Amino acid sequence: MRILLVAPMVPQEDGAGAIPVLLYAELVGLRERHDVSLVTAVGDEPGEEQAVARLAREGVDVHLADRRQPPPGLRRWRRRWQLAAAWMRRGWPWRTVWFAAPAVQAVLDRLAATRTFDVVAVEDDAMSVFRLPAGVPAVLTEHEVLRPRAIDWRPGTPPGWPRWALRELDWRRWENFQRAAWSRFDRVQVFSQRDAEAIAELAPDVGSRVRVNPFGLVLPPAADPDREVPGSLLFVGNFTHPPNCDAAVWLAREIMPGVKARHAAARLRIVGTAPPREVRELAGSDVEVIADVPSVRPHLEAACVVLAPVRSGGGMRMKVLHAIASGKAVVTTTRGAEGYGDDPPFAVADDTEGIAERAARLLGDERARRELGERARAFAEKHHSPAAWAARLEAIYEEAHSEQSEVAHG
């Protein structure tokens, strides 16, 4: 198939967040069997320019727009005003305004005028606003369905009121924006059953077009069990995502005392991007907080058990997949287990005591820990490698293409 892949950021095997990592796995898997053209925008995120150079070395057919900020000065202020004006005028959520660089449309128009494609794969609803090649079936990957919520009436101190008001107004935009985005596509794929059910509830007319397809990644090297530090627990998260802040606070303040009561040598390390004050203040005698590390790999190898006590948010958790693919023993919640079927290769609990008990038991049982890690690694190889994910993607693309062909031929 000739696939046009439209992505909000540059694919990176070792990117700082989940999206660049899964985009890279998607690209690797699809390129094994298909002709893929990638359209994306290079921004200011760490490592993006190096990632573009790597894609070029690998022979990827990549077409770039530029959404980098201009140097400090008049041009940067002009760009900020343009973004603010677009937010006010278009009614899009801010994240869409930020990622949907207008220059992407020019790239898409040029490709549509000079090439033909069998399917357009659009990653993330932020990229749903663009005009796509006419007559080509289009598949949207919705990375996380955001459900409506009540207004958060905790504006904080007066200096923070304007930011609070803008944040709440922005959130109100998501419901209509998502519905409009989903309605434009022949198929909408999500990573978890919870998100599929949310779309069916929020947009019943789209429900029949939704497919559940858990993502994959390029498998990292298996962690060396001999490098584990006795008693060590690890939580990894991008703290610009509020569910990770909630999980870290719950883990350090409520779960860890239960773990310590059962395993006195337990110590927690929290590693992540841009931890806010509430997370940094969790540091203490048994909790270490480390920000913005160049690589999470050494911390992962040192951990006996990886914890992911997420209790909010949607989608599928890259932190869980990366840990099990590395062969680590993982304890998570039902929400953290979404996307892994009915027999996930990790321990699951949803309450403070249950998570503490499972974590402490694994800390104290090296054999059980290693057996669980080995099963987790094998599970990831079978179900979440680039090839396995690409096969599921291919089936969805073929379905959309076949349906449109049937409609076209009456």
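Residues numbered from 1 in each chain as written. Predicted model: local features only at pLDDT ≥ 70, side-chain atom pairs only at ≥ 80, totals over all residues. Heavy atoms only, no water.

(A) Representation of the overall build of the protein. Regarding its fold elements, the protein presents 14 helices and 13 strands. In terms of C-alpha radius of gyration, the protein reaches 22 Å, essentially the compact-globule figure of 22 Å for 410 residues. If you line up the protein on its principal axes, its C-alpha atoms span 65 × 55 × 45 Å. For the protein, with 410 residues in total, the buried portion stands at 51%. Residue pairs at least 24 apart in sequence account for 69% of intrachain contacts in the protein once pairs closer than 6 positions are excluded. Within the protein, the 56 negative side-chain charges are centred at a point lying 5 Å from the centre of the 54 positive side-chain charges. (Helix = DSSP H or I, 4+ residues; strand = E, 2+ residues; numbered from the N terminus. Rg over C-alpha atoms; globule rule 2.2 N^0.38 Å. Buried < 20%, exposed > 50% of the residue type's maximum accessible area, 1.4 Å probe, protein only. Contact = heavy atoms within 4.5 Å. Lys, Arg positive; Asp, Glu negative; His and termini not counted. Charge placed at Lys NZ, Arg CZ, Asp CG, Glu CD.)

(B) A look at the sheet that holds strand β2 (residues 35-42). Sheet architecture is open: seven strands sit in the order β3-β2-β1-β4-β5-β6-β7, paired in parallel fashion. Of all strands in the sheet, those bounded by a partner on one side alone are β3 (61-66) and β7 (210-212). Neighbour-to-neighbour, the strand axes of this sheet turn through a mean angle of 20°, independent of strand direction. Relative to strand β5 (residues 138-141), strand β4 (residues 119-123) is paired through four bridges, and the arrangement is parallel. Its bridge partner being in β5, V122 is matched across the sheet by L140. Across the sheet, helix α1 (residues 18-31) is in contact with β1 (2-6), β2 and β4; its angle to β2 comes to roughly 160°. Each of β1, β2 and β3 is contacted by helix α5 (residues 103-114), which is oriented at about 145° to β3, the strand it contacts most. (Pairing = 2+ DSSP bridges. Axes fitted to C-alpha atoms, helices over the stretch in contact; angles between N-to-C directions.)

(C) Structural detail: the pattern of salt bridges. Evaluated as defined, the whole model comprises 37 salt bridges. The residue D118 makes a salt bridge to R2 at a minimum N-O spacing of 3.0 Å. On the criterion of sequence distance, the pair formed by D118 in the loop between α5 and β4 and R2 in strand β1 is long-range, its members being 116 residues apart. Across the salt bridge formed by K328 and E228, the nearest N and O atoms sit 3.7 Å from each other. Here K328 is found in the loop between α11 (318-325) and β12 (329-332), whereas its partner E228 is found in the loop between β7 and β8 (232-238), with 100 residues between them in sequence. Both residues of the pair, K328 and E228, count as buried. When salt bridges with common partners are traced through the structure, they connect R149, R167, E168 and R172 into a single cluster. (Salt bridge = Lys/Arg side-chain N within 4 Å of Asp/Glu carboxyl O.)

(D) Fine view of the environment of P155. In this structure, P155 sits in the loop between β5 and α6 (161-183). Using a relative accessible area of 28% as the deciding quantity, one classes P155 as partly exposed. As a C-alpha pair, P155 and A165 span ten residues in sequence and 7.7 Å in three-dimensional space. Those residues in contact with P155 that lie beyond four places of it in its chain are G160, W161 and W164.

(E) Inspection of the packing of aromatic side chains at higher detail. This model, assessed by the stated rule, comprises eight aromatic pairs. Considering the side-chain rings of F191 and F215, the 4.8 Å spacing of their centres and the 90° angle between planes classify their relative orientation as edge-to-face. Of this pair, F191 sits in the loop between β6 (187-190) and α7 (193-202) while F215 sits in the loop between β7 and β8, and the two are 24 residues apart along the sequence. Classification of F215 as buried rests on a relative accessible area of 1%. (Phe/Tyr/Trp six-rings, centres within 6.5 Å; stacked < 30°, edge-to-face > 60°.)

(F) Structural view of the nonpolar core. F215, L321, I324, Y340 and Y397 are the most contacted members of the largest nonpolar core, which has 54 residues in total. Examining the composition of this core, we find that seven residues originate from one element, α1, more than from any other. When sequence neighbours within four positions are dropped, the list of residues in contact with F215 reads L22, F191, M316, R317, M318, L321, H384, W389 and R392. Counting residues in hydrophobic clusters, the runner-up holds 40 residues, among them V6, M127, A138 and A198. (Core = buried A, V, L, I, M, F, W, Y, C linked by side-chain atoms within 4.5 Å.)

(G) Expanded view of unusual backbone geometry. Unusually for a residue other than glycine, A274 sits at a positive phi of about 50°. For A274, the position within the fold is in the loop between β9 (267-273) and α9 (277-280). Located in the positive-phi region is D292, a residue other than glycine, with phi close to 55°. Assignment of secondary structure puts D292 in the loop between β10 (287-291) and α10 (297-302). When its relative accessible area of 48% is taken as the criterion, D292 is described as partly exposed.

(H) Inspection of the environment of G364 at higher detail. Along the chain, the position of G364 falls in the loop between α12 (352-363) and α13 (366-383). In sequence terms G364 and A265 are 99 residues apart; their C-alpha atoms lie 9.9 Å from each other.

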